[in-house]
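Structural overview for review
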Amino acid sequence: MSELSKCFYEVTAGKTCRDLCHPEYASCWLSFVNTALRLLPGAYKLYLTYLVIPPLVKGGGYTWQYWKDHFLSYSTASYKTYVIAVVGLTLQCAFYKLFGKLNYYWVMGFPGFFSAALSPKLNRIHLRLQGITYFNMMLEVMLKKSKFRLLEVLRESKLCGMALFMIFNARIMEVLQHGKVNQFWIMYPTRIREPNREEADDSRVIGAIYPRAYKACSHERSCDGFIFDGIWKYSFAGFIIEFARALITKFPLLYNNPAQFLPGLRKILSFKLMFFLAAYIASYRAIGCLLCRHHGEDRPSHNRIASFLCGASYLIYPKYQVFTLAFTKFVEMSWEHLFKTGKDLPEWVWKLQRIPYLRITHACAVGYMYHALVFHSHLSPPFNSKAVNYCSDNRVERLKRRLLSWMLEHEWRKA
Ligand SMILES: [Zn+2]
Ligand SMILES: [Zn+2]
């Protein structure tokens, strides 16, 4: 597919937007009407995971208001994503008319950018969710595509990835413990408190490994309870995420081929995320407890050491998604922390703060990923093709195949 970027103009010479985007509809107008009428269910299907997983891992507090807000939130995000998809596909025709020919960057790339920039603004939570997901996928493609030697080493070495994840994780946890930044991360540090020297230590397992006459840690309950509670909750969340993902992927089998549903589900169900999350929280909490026992009190350095070391569990689940999420959070939280704690920052730095980064990042990443799906599809994460194909009713997939067949035809003619 990478060849396509080199011979795009030769391959598409004389072709129109109808040839590429909508051969089934005689005019761009008809194509627009059909797009607008047919794409709505796809966007709702894409967000099914978002509808199912949060209530499953919430574990309580299911009020009527909660369900109402949750469903409304799901519906709004789906609807606005549908608008982005319709605008994006329609802009393909508009840009063809503007230039009078098909243009490499204006196929999927700029239409994606403008559709995200011009469509109704998503609320901040959804914008963050979509923006960060797309930005992380963009980083993934850039990492996979790069010819830069240092990035090539990073791409191939799981140990390098692990070392960087450990550093990002330690910094994120340090910023969170500082308390000025409150953002989602896989876990949160406990607020440090003075040890109560009267309180007896009732941890059997950890107490046997490192005895202490009193409870030196900052957390509630015993160290054993604290660690096992983390393992249970994080394993459960990891299992639910994997299970819901597998269920949604294999759901069509339930009515197409029910006998294959369970074997299919079993085949793609993986426990690695579950093990990663369990090892991550268990090692963080256990190291923290042992350090508190050793020093007789909790200190900020314990959080730093424990979060750095527990980052080694990345080796269990060395995925681009985990790495890019940690990198993005590391940059984002460090940036926010700087603004909330820096006192004598120059005036120009404060001006930078007013730039709507999230919106710009979202639009750039959507454009980049739409373009990557067509021209570098082997590097694009599966979620990208799933999202685009759900929302475009497989129109982008057909567009990609058309381009591929033109390219093969072109090669054939040359040979
Ligand atoms: Zn057209
Ligand atoms: Zn403890």
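Before going into details, it helps to say that this report is about the structure given with it. (Residues numbered from 1 in each chain as written. Chains lettered and ligands numbered in written order. Predicted model: local features only at pLDDT ≥ 70, side-chain atom pairs only at ≥ 80, totals over all residues.)

**What about the overall build of the protein?**
The following threshold applies: The helix count covers DSSP runs of H or I at least four residues long, the strand count covers runs of E at least two residues long, and both are numbered beginning at the N terminus. Think of it as a crowd count around each C-beta: if 20 or more other C-beta atoms lie within 10 Å the residue is buried, if 12 or fewer it is exposed, and in between it is partly exposed, with C-beta placed from the backbone throughout. This entry defines residue contacts through backbone-placed C-beta atoms, with two residues in contact when those atoms are within 7 Å.
Within the protein, the regular secondary structure consists of 21 helices and two strands. In terms of principal-axis extent, the alpha carbons of the protein reach across some 85 × 60 × 50 Å. Looking at the 415 residues of the protein, the share that counts as buried comes to 33%. Here the analysis covers contacts within the protein between residues at least 6 apart in sequence; of these, 74% occur between residues at least 24 apart.

**Some details on helix α8 (residues 109–118)**
The buried count for α8 comes to seven of ten residues, which makes it a mostly enclosed element. Those residues of α8 that sit buried are Gly109, Pro111, Gly112, Phe113, Phe114, Ser115 and Ala116. Among the structural elements, α7 (64–99) and α19 (357–375) are those in contact with the buried residues of α8.

**Examining the pairing of strand β1 (residues 196–200)**
The condition is simple: One bridge is not enough; two strands pair if DSSP finds at least two bridges between them.
Burial within β1 is sparse, with just zero of its five residues counted as buried. The sheet contact formed by β1 and strand β2 (residues 214–215) spans two bridges and is antiparallel. Bridge pairing in β2 places Asn196 opposite Lys215.

**Some words on unusual backbone geometry**
Look at Met108: it is not a glycine, yet its phi comes out positive at around 65°. By secondary structure assignment, the location of Met108 is in the loop between α7 and α8. Look at Asn394: it is not a glycine, yet its phi comes out positive at around 65°. Looking at the element boundaries, Asn394 is found in the loop between α20 (382–392) and α21 (395–414).

**Thoughts on the packing of helix α11 (residues 158–178) against helix α17 (residues 320–341)**
The description of two helices packed together rests on the angle between their axes and the distance between the axes. Rule in force here: Geometry is summarised by axes, namely lines fitted to C-alpha atoms with helices restricted to the contacting stretch, and by angles between N-to-C directions that run from 0 to 180 degrees. Take the far helix as the reference: if the near one is turned anticlockwise from it by less than a right angle, the crossing is left-handed, and if turned clockwise, right-handed. Under the convention adopted here, Pro, Cys and the residues Ala, Val, Leu, Ile, Met, Phe, Trp and Tyr are nonpolar, Asp, Glu, Lys and Arg are charged, and Gly plus all remaining residues are polar.
Contact pair α11 / α17: the axes reach a minimum separation of 9 Å and the direction vectors enclose 35°. Viewed along their axes, α11 and α17 form a crossing whose handedness is left-handed. Where α11 approaches α17, its residues Gly161, Phe165, Phe168, Asn169, Arg171, Ile172, Val175 and His178 are matched on the opposing element by Phe323, Ala326, Phe327, Lys329, Phe330, Met333, Ser334 and His337. Considered class by class, the residues forming the contact of α11 with α17 number nine nonpolar, five polar and two charged.

**Section: the packing of α7 against α8**
To keep things clear, this is the line we draw: Any angle that falls under 35 degrees is termed roughly parallel, while one over 145 is termed roughly antiparallel, one within 65 to 115 roughly perpendicular, and all others oblique.
Packing of α7 against α8 brings their axes to within 8 Å, and their N-to-C directions diverge by 130°. Compared by their axis directions, α7 and α8 come out oblique. Crossing handedness for the pair α7 and α8: right-handed. Residue-level inspection shows Ile84, Val87, Gly88, Leu91, Gln92 and Phe95 of α7 in contact with α8, the latter providing Phe110, Pro111, Gly112, Phe114, Ser115, Ala116 and Leu118. Grouping the constituent residues of the contact of α7 with α8 by class yields nine nonpolar, four polar and no charged.

**Describing the environment of Arg197**
Along the chain, the position of Arg197 falls in strand β1. Judged by the 11 C-beta atoms lying within 10 Å of it, Arg197 is exposed. Sequence-wise, Arg197 and Glu297 are 100 residues apart; in three dimensions their C-alpha atoms are separated by 9.7 Å.

**Some points on the nonpolar core**
Threshold: The term nonpolar core refers to a group of buried residues, namely Ala, Val, Leu, Ile, Met, Phe, Trp, Tyr and Cys, whose C-beta atoms join them within 7 Å.
Ranked by internal contacts, the top residues of the largest apolar core, which has 48 residues, are Ala85, Met138, Val366, Met369, Val374 and Cys391. Of all the elements in the fold, those that place two or more residues in this core are α5 (40–46), α7, α8, α9 (124–145), α19, α20 and α21. The next biggest cluster of nonpolar side chains, apart from the first, holds 23 residues, and it includes Ala216, Phe226, Ile227 and Tyr234.

**Describing the environment of Arg18**
You can see Arg18 is positioned in helix α3 (residues 17–21). Through-space distance from the C-alpha of Arg18 to that of Ala77 is 30 Å; in sequence the pair is 59 residues apart.

**Focus on α21**
Every α-helix carries 3.6 residues per turn, so stepping three or four residues along brings you back to the same face. Our working rule: Working rule for helices: expected span equals 1.5 Å times residues minus one. Think of the arc as the fan of directions from the helix axis to the C-beta atoms.
In this model, α21 (20 residues) spans 29 Å end to end at C-alpha, consistent with the 28 Å of a helix rising 1.5 Å per residue. All buried positions along α21 are accounted for by Arg395, Val396, Leu399, Lys400, Leu403 and Trp406. What you see down the axis of α21 is that its buried residues fit within an arc of 145°, all on one side. Turned more than 90 degrees away from the buried face of α21, the exposed residues are Arg401, Ser405, Leu408, Glu409, Glu411 and Trp412.

**Structural notes on the environment of Lys340**
With respect to the element layout, Lys340 can be found in helix α17. Sequence separation of Lys340 and Gln260 is 80 residues, and the distance between their C-alpha atoms is 54 Å.

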